[in-house]
Amino acid sequence: MEKTNANEVDPIVQTRLETLVARHAQRLGAMLPILHEIQAEYGFIPSPAISVVAHALNVSRAEVYGVITFYADFRTEPPGRSIIQVCRGEACQAKGGCELEAYAKRSLGIDFHQTTPDHAVTLEPVFCLGNCACSPSVRVGEEVYGRVDAATFDELVAEAKANTEQKAPAADAALGARS
Ligand code: FES
C-alpha cells in the first residue's frame, strides 16, 4: 500500500481552504470570519488551514493558532458525529442546568470540549440558546430542546446516535479519510 506523508495536504483540501480564505482576505478583521467559515465547512480547523490563513493575511502561524485557541468556539480536533451543547447561561443554571451539566458529563464519560471514544458525541458548553423560558436547554445539532432533565438527555443522546450511526465523522468525510 502506498504510504501517505503525514505532512502532505490533500490538494483538494488545499484548494478549498484557499478559496474559503480568499473570500474574506481583503476584509478588515478577516481572521475570525475566515476561521468560522473553515469550521463550518470541516467541523473544526484542520491544521493545514493555519498555514493557509497565515500566508493570506501575512501573519505568523503562531498568531493564527493563538486566535484559534483563545476562542472556545473553535475546535482543533474533528468533532463527534453529533454535537450536544448544554446551556450554562444564568437562566438555565437557576433551573437545574448545573445538575444537567454534571449528568451529561457523567453519563457520556467526558468533559466539555471532549468526544466520546466511539466518536458519536462531542459535548460543548454554550451560553444561552435563546430558550430561557424553557430552561434548562440543550442543543443537538441545530435543534434546541427545553426543560431537559436526565431522562430527556438520555433520550436525546440515543436519538442522536441512532440518527448518525451510519454517518462517517463529518471531518473525515470532508477531508477524505485515508487508510
Ligand atoms: S440561559 Fe439557557 S437558554 Fe438562555
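Quick look at the structure, then. Within every chain, residues take consecutive numbers counted from 1 along the sequence as written. Where totals are concerned, whole chains, interfaces and linings use all residues; where local detail is concerned, this predicted model gives features only for residues with pLDDT of at least 70, and gives and counts side-chain atom pairs only at 80 or more.

## Some thoughts on the environment of Ala54
Item 1. Helix numbers and strand numbers start at the N terminus; a helix is a DSSP run of H or I with at least 4 residues, a strand a run of E with at least 2. Here Ala54 shows up in helix H3 (residues 47-57).
Item 2. Overall, Ala54 belongs to the partly exposed group, with 18 C-beta atoms counted inside 10 Å.
Item 3. Separated by 23 residues in sequence, Ala54 and Met31 place their C-alpha atoms 9.1 Å apart.
Item 4. With residues near it in sequence (within four places) discarded, Ala54 still touches Val59, Ser60, Arg61, Glu63 and Val64. To assign burial, the other C-beta atoms lying within 10 Å of each residue's own C-beta are counted, with C-beta atoms placed from the backbone; 20 or more indicates buried, 12 or fewer indicates exposed, and intermediate counts indicate partly exposed. The contact criterion used here is simple: two residues whose C-beta atoms, placed from the backbone, lie within 7 Å are in contact.

## Topic: the environment of Tyr71
Item 1. Summarising the element assignment, Tyr71 is placed in the loop between helix H4 (61-70) and strand E1 (82-87).
Item 2. For Tyr71 and Leu32, which are 39 residues apart along the polypeptide, the C-alpha to C-alpha distance reads 9.7 Å.

## Brief notes about the pairing of E1
Item 1. In terms of burial, E1 is a largely internal element, 6 of the 6 residues being buried.
Item 2. Side-chain alternation along E1 places Ser82, Ile84 and Val86 on one buried face and Ile83, Gln85 and Cys87 on a second face that is also buried.
Item 3. In the sheet, E1 pairs with strand E3 (residues 121-126) via 6 bridges, with the strands oriented parallel. From the neighbouring strand, Ile84 faces E3, where its bridge partner is Leu123.
Item 4. In this sheet, strand E4 (residues 138-140) lies alongside E1 in antiparallel orientation, the contact comprising 3 bridges. Residue pairing in the sheet places Ile84 in a bridge with Val140 of E4. Following DSSP output, two strands are said to pair if at least two bridges run between them.

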